[in-house]
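So the chains spell out like this:
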Amino acid sequence: MQTRHWFNKLRGFKYLLGGLMLASGSVTMGQDGPMNPDLSGYYPSAGYQPTPGGYAPEGYGPGMAPPSFQPGMNPWPAVSPFEGPPFQQIQQENGFWFDNSKWGPSQMSFTVEGLYGVYKKPNNRLMGSEGILPIYRPTTTAGTGTGTGTGTNATTSNITPFTYTGVLNDATSGGIRLTLEGEQADESGWTLSGFFLDEGATGEQRIATPTPTSVTTTPSYTIPITQRLQIVGALPLFDGDTNLDNANNTGVQKYDLLFEINHTSQFYGANVGGMANPWKEGDGFRIRPTYGIRYFGLRETFGFHGVDSGLNYTVGTTDLAVVTTTGRPRPAAIIAPDNPTDVLLLDSTLRSVVQSQFAGPEVGFRIDLGKDKFKIISNTKFGLLANHSKRSIEYKNIFNQTGSGNVPPATGVDQVFNDSDTTTIVSPMLEQSVLLRAPLLSYVPLIKRMAFFEQAQFQFGYTFTMLGEVYRPEENIVWRGAPLQTTIGDSRSTFWTQAWSFGVEWNY
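The structure contained in this document is the topic of the report that follows. (Residues numbered from 1 in each chain as written. Predicted model: local features only at pLDDT ≥ 70, side-chain atom pairs only at ≥ 80, totals over all residues. Heavy atoms only, no water.)

**Observations regarding the overall build of the protein**
Then comes step 1: Each helix and strand in the protein was counted, giving three helices and 19 strands.
Then comes step 2: Burial status across the protein gives 39% buried among its 508 residues.
Then comes step 3: Accessible area for the protein stands at about 29,000 Å²; split by element, carbon and sulfur atoms hold 58% of it. (Helix = DSSP H or I, 4+ residues; strand = E, 2+ residues; numbered from the N terminus. Buried < 20%, exposed > 50% of the residue type's maximum accessible area, 1.4 Å probe, protein only. Areas by Shrake-Rupley, 256 points an atom, 1.4 Å probe, with all protein chains shown as cover.)

Here is the structure:
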């Protein structure tokens, strides 16, 4: 290091200037001053009276205070005048104490997802009254006996097949979900989400082949009867008769032209919730408790449609009335009407609808694994929801037209009935979702050049939602035949949906 010669000559002047400053700062001890000469002049002299209006330093008017810090702030070193971290906590982990401070601005994200949903199919329930036996024909076959004679073995074969609602498939549909999330510097946050799954339908239709030339009040016989009739379904209907042995077709209504059933489901909902500070966290993972309010809407329908020729089949003693391989009646078993115009088609329909609204609190936890480049998010939620359900049923011509006592009020007049009921119960809820987020859009041609998707992330997910104690339309039908009436039941079971999602998330 080099020292300028001219600056070196000023060293003496520097010491002289320092001595003058010390001399000018010394004060002689007054008469009333303290014994310590260093504190001379610090305390006011005897007889001092404060200025009216309060003390004010030089440059301030009477009663004016010097500039102050914000409430709770004092000059250093008491408390720093600078704003502290948004979150600060003293924690103990594995026997060590450490200061957990978190900085940073709040963050917000918006997600749009397309959904592919699957609805639980109807439960396996018999269509019709329980306990009714199918129509059958006894046959005798030669058998081998002991001794000098021959014996016979009796067998049975079903003529009218019964139908169960469980044969239907799971219904599928598309939908959309929107999610808005916010997160604070302390990693707590909030969520606002809503989704809609469109109506999904499943069903089964059985039509006699070849198709009848007409389905009117007067059948067309341009095709021979034996070629156009085919038993495609039947309804067992209890009419109050305790004789359940239906060898004479009592209690079972056949359908030899058309038999179809269908089931539809529509599901939607929303929730408002929050996330607490992490309960556990580490490098690349964190677990946070969640809470909120949940709402679901579920609308399901079950429908039946059957058409019968109105013709009756005899029950012989040795031959089956219907060919079991084809379902067609044997010519000899058909009771030919004296006048074909006297035979009226039976057109039966039934529709059961359940509209349910669910609302209530939910709690759970959220697990985040990974970092910005790749993240897996798991949400587990439990809820106890109020279930307000409205059930309705309407039908036409649900009776056995060939059985004794099972006739409609008047020939050719439709028998129409409808009923409704409203119930409020409590339904438990479980929802599990898994989401995968990654910046894959930056590798997709064309899209990666769009500024709109520059900060967006691709999201793929799966959500399973289950609700207990749910009224389903196919289960809430108490099937009866005239003169009794089909009414609304009170059965409940479990309903679930599962959905795969594909979407885009934007962070702000």
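**A short note on the pattern of salt bridges**
Then comes step 1: Counted under the stated rule, the structure contains 21 salt bridges.
Then comes step 2: Close ionic contact of Arg294 with Glu362 constitutes a salt bridge, the shortest N to O distance being 2.9 Å. You can see Arg294 sitting in strand β12 (residues 285–308) and its partner Glu362 sitting in strand β13 (residues 346–371), a full 68 residues away along the chain.
Then comes step 3: Assessed through its relative accessible area of 4%, Glu362 is described here as buried.
Then comes step 4: Across the salt bridge formed by Arg437 and Glu505, the nearest N and O atoms sit 2.7 Å from each other. Here the residue Arg437 occupies a position in strand β15 (residues 416–438), and Glu505 occupies one in strand β19 (residues 493–507), the gap between them amounting to 68 residues. Neither residue differs from the other here; Arg437 and Glu505 are each classed as buried.
Then comes step 5: Salt bridges sharing common partners tie together Glu181, Glu183, Glu187, Arg286, Arg288, Arg366 and Asp368. (Salt bridge = Lys/Arg side-chain N within 4 Å of Asp/Glu carboxyl O.)

**Quick look at the pairing of strand β7 (residues 189–207)**
Then comes step 1: In the sheet, strand β6 (residues 172–183) pairs with β7 via nine bridges, with the strands oriented antiparallel. Across the sheet, residue Gly182 finds its bridge partner in β7, namely Trp190.
Then comes step 2: Taking the residues between adjacent antiparallel strands as the criterion, β6 and β7 are bridged by five residues, where Glu187 takes a positive phi near 75 degrees.
Then comes step 3: Here β7 runs beside strand β10 (residues 258–275); their pairing, made up of 17 bridges, is antiparallel. (Pairing = 2+ DSSP bridges.)

**So, the pairing of β15**
Then comes step 1: Alignment of strand β14 (residues 374–396) against β15, held across 22 bridges, turns out to be antiparallel. In the sheet register, Lys375 faces β15, and the bridge partner there is Arg437.
Then comes step 2: By the bridge criterion, 10 bridges tie β15 to strand β16 (residues 456–470) in an arrangement that is antiparallel. Bridging from a neighbouring strand, Arg437 pairs with Gln459 of β16.

**Here's the deal with the environment of Leu435**
Then comes step 1: One can find Leu435 in strand β15.
Then comes step 2: Accessibility expressed as a relative area gives 11% for Leu435, which makes it buried.
Then comes step 3: Along the chain, Leu435 and Phe460 lie 25 residues apart, while their C-alpha atoms are 5.8 Å from each other.
Then comes step 4: Leu435 has contacts with Glu113, Lys375, Ile376, Ile377, Gln459, Phe460, Gly461 and Ser501, leaving out every residue within four places of it along the chain. (Contact = heavy atoms within 4.5 Å.)

**A look at unusual backbone geometry**
Then comes step 1: Here the phi dihedral of Glu187 falls at roughly 75 degrees; this positive angle occurs in a residue that is not glycine.
Then comes step 2: Looking at the secondary structure, you find Glu187 in the loop between β6 and β7.
Then comes step 3: By relative accessible area, Glu187 is classed as buried at 14%.
Then comes step 4: A positive phi angle, close to 55 degrees, is found at Glu469, a residue other than glycine.
Then comes step 5: Relative to the elements of secondary structure, Glu469 occurs in strand β16.

**Points about a nonpolar patch on the surface**
Then comes step 1: On the surface, a nonpolar cluster with roughly 510 Å² of combined accessible area is contributed by Met108, Trp190, Leu192, Val272 and Tyr508.
Then comes step 2: With respect to the helices and strands, the residue Val272 is situated in strand β10. (Patch = residues over 30% accessible without salt bridge, like charges linked within 9 Å, V, L, I, M, F, W, Y side chains within 5 Å.)

**Focus on the nonpolar core**
Then comes step 1: Formed by 21 residues in total, the largest nonpolar core has its most connected members in Met127, Leu235, Phe304, Leu350, Ile398 and Trp479.
Then comes step 2: Elements that contribute at least two residues to this core include exactly β10, β12, β13 and β14.
Then comes step 3: The contacts of Phe304, once residues within four sequence positions are left out, are Met127, Leu235, Tyr255, Phe259, Glu260, Ile261, Ser348, Thr349, Leu350 and Ile398.
Then comes step 4: Core analysis: the second largest hydrophobic core is formed by 14 residues, Leu197, Phe267, Leu298 and Leu385 among them. (Core = buried A, V, L, I, M, F, W, Y, C linked by side-chain atoms within 4.5 Å.)

**What to know about the environment of Ala482**
Then comes step 1: Positionally, Ala482 belongs in the loop between β17 (477–478) and β18 (487–488).
Then comes step 2: Considered as a pair, Ala482 and Ile398 are 84 residues apart in the sequence and their alpha carbons are 7.5 Å apart.

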